Amino acid sequence: MDLKGKHVVITGGSSGIGATMAHAFAEQGARVLVAARSEDKLHEIASRIVGDYVVADLTIPDDVDTFVGKCLDALGHIDVFVNNAGVETSTSFATTDRNDLRTIARLNFEATVLLTRDVLPHMLERGSGHIVQISSVAGAIPFPGLAAYAGTKAGITNFTETLRIEIKHTGVDLTVVSPGPVETEMWERLENDERPFAAVGLKRFKRLGFLPKLSPETVADATVDAVLQAKRFVRLPKRYDGYHMLSNAPRRLVEIALAGTKFPHDWKNEKG
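Residues numbered from 1 in each chain as written. Predicted model: local features only at pLDDT ≥ 70, side-chain atom pairs only at ≥ 80, totals over all residues. Heavy atoms only, no water.

> Hey, could you go over the pairing of strand β1 (residues 7-11) for me, with residue numbers and the actual values?
By the criterion of burial, β1 is predominantly enclosed, with five of the five residues buried. Here β1 shows no split at all, with His7, Val9 and Thr11 on one side and Val8 and Ile10 on the other all buried. As paired elements, β1 and strand β2 (residues 31-36) share five bridges and run parallel to each other. Bridge pairing links Thr11 to Ala35 in β2. Taking the sense of rotation as the criterion, the β-α-β connection linking β1, helix α1 (residues 16-27) and β2 turns out right-handed. Pairing analysis gives three bridges linking β1 to strand β4 (residues 80-83), with the strands arranged parallel. What sits directly across from Ile10, in β4, is Val82. (Buried < 20%, exposed > 50% of the residue type's maximum accessible area, 1.4 Å probe, protein only. Helix = DSSP H or I, 4+ residues; strand = E, 2+ residues; numbered from the N terminus. Pairing = 2+ DSSP bridges. Right-handed = clockwise from strand over helix to strand, strands pointing away.)

> An account of the sheet that holds strand β3 (residues 52-55) is needed here, citing residue identities and associated values.
Strand order in this open sheet of seven strands is β3-β2-β1-β4-β5-β6-β7, and the pairing throughout is parallel. This sheet does not close on itself; its edge strands, each paired only once, are β3 and β7 (233-236). Neighbour to neighbour, the strand axes of the sheet diverge by 15° on average, direction disregarded. Summarising the sheet, β2 and β3 pair through four bridges and their orientation is parallel. (Axes fitted to C-alpha atoms, helices over the stretch in contact; angles between N-to-C directions.)

> Describe the packing of helix α4 (residues 98-126) against helix α5 (residues 147-166), naming the residues involved and giving the relevant values.
In helix packing, the relevant descriptors are the interaxial angle and the interaxial distance, both defined with respect to the helix axes. Packing of α4 against α5 leaves a shortest axis separation of 8 Å and a crossing angle of 15°. With respect to α5, the element α4 is oriented roughly parallel. The two elements α4 and α5 meet at a crossing, and its hand is right-handed. Here Leu101, Ile104, Ala105, Asn108, Phe109, Thr112, Val113, Thr116 and Leu120 of α4 come into contact with α5, specifically with Ala148, Tyr149, Thr152, Lys153, Gly155, Ile156, Phe159 and Leu163. Among the residues making up the contact of α4 with α5, the classes are represented as 11 nonpolar, five polar and one charged. (Parallel < 35°, antiparallel > 145°, perpendicular 65-115°, else oblique. Left-handed = near helix turned anticlockwise from the far one by under 90°. Contact = heavy atoms within 4.5 Å. Nonpolar A, V, L, I, M, F, W, Y, C, P; charged D, E, K, R; others polar.)

All we've got here are geometric facts, nothing functional implied.
This is the structure in structure tokens:
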């Protein structure tokens, strides 16, 4: 997809990977709308990229349910939708507060699924579009202290790979971005957390050379390239490829087994 003049929406776009992606897409000539809870940060980002913003708390059902409509009101249409908003915990699952678990599930998984559901009919009707799901290497391999987070990211990966089969040959592309540790505020919180599960596991992984950190720019540039080239996956760093491929092997086998199968485009019947 040539991004010049295209309309891009990025959730969690006020900082970290999301803000860096906003700049990367804008540099390709796209009109970018960023969304998050902090209006001050969003205004700053939007001003720098000459873009748009929507203030939304995607842990609140009403904000999720009205979000795509607000984006369409602002942009007219959406070419690329990036589900980037997410949150983590760093305690043992047994001691994680119930409300924190509910927030993780709502933001990382439920909001991503619902926003995909809301923007997909728009793209199917246009016969083109690209949805990017920000997952994680934690969606393929376990990290003690990140049980709930890892569960949501694994869910997003499997959801997207199943959806890929359903909408094959519709003109709508899907990309799963699964980076390792990225130099953001989120990862800084994990590294500085002195509670046992986060500290003990991360210390061992570092000693084994298992956790090389990526820059947000590396992830953003790879994501933009994936949209330009219609790539299915962004997996960084490369040393994690084996884990991702093993994790995704059953999904690929199912996709191969269903090759040539034509599923009904029943969304056209709903419209009519």
